[in-house]
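Tertiary structure, described
Listed below are the residues making up each chain.
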Amino acid sequence: RKEVEQDPGPFNVPEGATVAFNCTYSNSASQSFFWYRQDCRKEPKLLMSVYSSGNEDGRFTAQLNRASQYISLLIRDSKLSDSATYLCVVNADNYGQNFVFGPGTRLSVLP
Amino acid sequence: NAGVTQTPKFQVLKTGQSMTLQCAQDMNHNSMYWYRQDPGMGLRLIYYSASEGTTDKGEVPNGYNVSRLNKREFSLRLESAAPSQTSVYFCASSYSSFDSSYNEQFFGPGTRLTVL
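Everything in this summary refers to the structure shown in the same document. (Residues numbered from 1 in each chain as written. Chains lettered and ligands numbered in written order. Predicted model: local features only at pLDDT ≥ 70, side-chain atom pairs only at ≥ 80, totals over all residues. Heavy atoms only, no water.)

1. Notes on the overall build of chain A
Using the following cut-off: Under the scheme used here, helices are H or I runs from DSSP no shorter than 4 residues and strands are E runs no shorter than 2 residues, and both carry numbers assigned from the N terminus. It is over C-alpha atoms that the radius of gyration is taken, and the globule rule equals 2.2 Å times the number of residues to the power 0.38.
Regarding its fold elements, chain A presents zero helices and 11 strands. Sequence-ordered secondary structure for chain A, helices as α and strands as β, is β-β-β-β-β-β-β-β-β-β-β. Scaling as 2.2 N^0.38, a compact globule of 111 residues should have a C-alpha radius of gyration of about 13 Å, and chain A matches this with 13 Å. Each principal axis of the C-alpha distribution contributes one length, and for chain A these read about 40 × 30 × 25 Å.

See the structure below:
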């Protein structure tokens, strides 16, 4: 089993739609969780950290379920500019050597 | 601030050739990393440096060497390139501490390497 698994995608949705991405991780000792966004042929950039209580940033909501080892990202009112690959990232300690990246889920928002 | 910079952006090598990928950051971060990204596999850690003067192997270190030249610079060397090393290479940096595990990694623009 891979350490971090994500919905295989791609997701093709119309503008204005709500879309949810799921991610599961295998290391129960994982301490911190992130969603990164990667545009085509560009570097990954932090979209949001995921906290135990869940957190929201505008149209984006992230949830963490430690018991099920599951992370989700919800995007409401999708924009064309949301088209990208979304990477789930799990960190097992305080140093980046244990950042584990999921393979990513590609989203295309269509006009 | 330039953030994390990488050179070159593109490179084509023949099997057996060597080259060094350069990375520099101006954010005064203590930790730096080298990743490779291949289709369908996510980013995989090659080497990292938790602080100036230290380096450690990541998940896929074979065929690579690194040098943490100073706090700003972290280079990746391919001594004898192989086709299996065709990939996109990203350098990243972060401020890592024991106080918090939520340490964002900032990435450079990447180097697209093809080994023929």
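2. A few points about the state of the cysteines
Worth spelling out the cut-off: When the sulfur atoms of two cysteines come within 2.5 Å, that pair is taken as a disulfide. Buried, partly exposed and exposed residues are distinguished by accessible area as a fraction of the type maximum, computed with a 1.4 Å probe on protein chains only: under 20%, between the cut-offs, and over 50%, respectively.
Summed over the entire model, instances satisfying the criterion amount to two disulfides over all chains. Two residues share a disulfide in this structure: C23 of chain A and C88 of chain A, whose sulfurs sit 2.0 Å from each other. In this structure the cystine formed by C23 of chain A and C88 of chain A twists about its S-S bond by roughly -75°; its chirality is therefore left-handed. With C23 of chain A in strand β3 (residues 19–25) and C88 of chain A in strand β9 (residues 84–91), this pair connects stretches of sequence that are 65 residues apart. Residues C23 of chain A and C88 of chain A agree in their burial class; the two are buried. Disulfide pairing is shown between C23 of chain B and C91 of chain B; the S-S distance is 1.8 Å. Its S-S torsion of approximately -70° makes the covalent link between C23 of chain B and C91 of chain B left-handed. Here C23 of chain B, found in strand β3 (residues 19–25), pairs with C91 of chain B, found in strand β9 (residues 87–94); they are 68 residues apart in sequence, far enough to count as distant. For the pair C23 of chain B and C91 of chain B, one class covers both residues: buried.

3. Digging into the layout of surface pockets
The line we're drawing: Both cavities and pockets are sets of points on a 1 Å grid over the protein atoms alone; in a cavity a 1.4 Å probe fits but cannot get out, in a pocket the set is open with protein on both sides within 12 Å along at least five of seven lines, and lining residues sit with an atom within 4 Å of a point. Grid points are joined across faces, edges and corners, and a volume is the space filled by probe spheres set on the points. When residues are sorted by character, Ala, Val, Leu, Ile, Met, Phe, Trp, Tyr, Cys and Pro go into the nonpolar class, Asp, Glu, Lys and Arg into the charged class, and all the rest, Gly among them, into the polar class.
Of the volumes computed, that of the largest pocket is approximately 520 Å³. Looking at the largest pocket, it is lined by 23 residues, and the ones nearest its centre are Q38 and T85 of chain A together with Q37, P39 and G40 of chain B. Residues belonging to the lining of the largest pocket are distributed by class as follows: nine nonpolar, eight polar and six charged. For the second largest pocket, the lining is made up of 17 residues, of which E3, V100 and F101 of chain A together with R44 and E59 of chain B are closest to its centre. Listing elements by their share of the lining of the second largest pocket, those giving two or more residues are β10 (99–101) of chain A together with β5 (42–49) of chain B. Here the residues of the lining of the second largest pocket sort into nine nonpolar, four polar and four charged.

4. What about the sheet that holds β3 of chain A?
All names here are of chain A. As a reminder of what qualifies: For two strands to be treated as a pair, DSSP must find at least two bridges joining them. All axes are obtained by fitting lines to C-alpha atoms, using only the stretch in contact for helices, and the reported angles, taken between N-to-C directions, cover 0 to 180 degrees.
Spatial ordering of the open sheet is given by β1-β3-β8-β7-β6, a layout of five strands whose pairing is antiparallel. In the strand order of this sheet, the two ends are held by β1 (4–6) and β6 (55–57), each with one partner. Neighbour to neighbour, the strand axes of the sheet diverge by 15° on average, direction disregarded. Both strand β7 (residues 60–65) and strand β8 (residues 70–75) contribute to a ladder of six bridges, which runs antiparallel. Its bridge partner being in β8, T61 is matched across the sheet by L74.

5. Describing the sheet that holds strand β7 (residues 64–68) of chain B
Residues and elements named next belong to chain B. Taking strand neighbours across the sheet as the criterion, the four strands line up as β1-β3-β8-β7 in an open arrangement whose pairing is antiparallel. Of all strands in the sheet, those with a lone pairing partner are β1 (4–7) and β7, marking the two edges. Direction aside, the axes of adjacent strands within the sheet are offset by 15° on average. Sheet topology note: the β3/strand β8 (residues 74–78) ladder contains three bridges and is antiparallel. From the neighbouring strand, M19 faces β8, where its bridge partner is L78.

6. A word on the side chain of D7 of chain A
Residue and element names in this part refer to chain A. Stated formally: Here a polar contact is recorded for every N or O atom pair within 3.5 Å, except that within protein the pair must consist of a potential hydrogen donor and a potential acceptor, and residues adjacent in sequence are included only if both atoms are side-chain atoms. We call two residues contacting when some pair of their heavy atoms lies within 4.5 Å.
Mapped onto the secondary structure, D7 falls in the loop between β1 and β2 (11–14). Within polar-contact distance, the side chain of D7 engages the backbone nitrogen of N22 at 2.9 Å. Non-local contacts of D7, meaning those with residues more than four positions away in its chain, are made with A20, F21, N22, G104 and T105.

7. What to know about the environment of R37 of chain A
Residues and elements named next belong to chain A. Position of R37 relative to the elements: it lies in strand β4 (residues 32–38). Expressed as a C-alpha distance, the spacing of R37 and L80, which sit 43 residues apart in the sequence, is 14 Å. Apart from the residues lying within four places of it in its own chain, the contact partners of R37 are E43, P44, K45, L47, S81, D82, S83, A84, T85 and Y86. Of the polar contacts made by the side chain of R37, one reaches the side chain of D39; its length is 2.8 Å.

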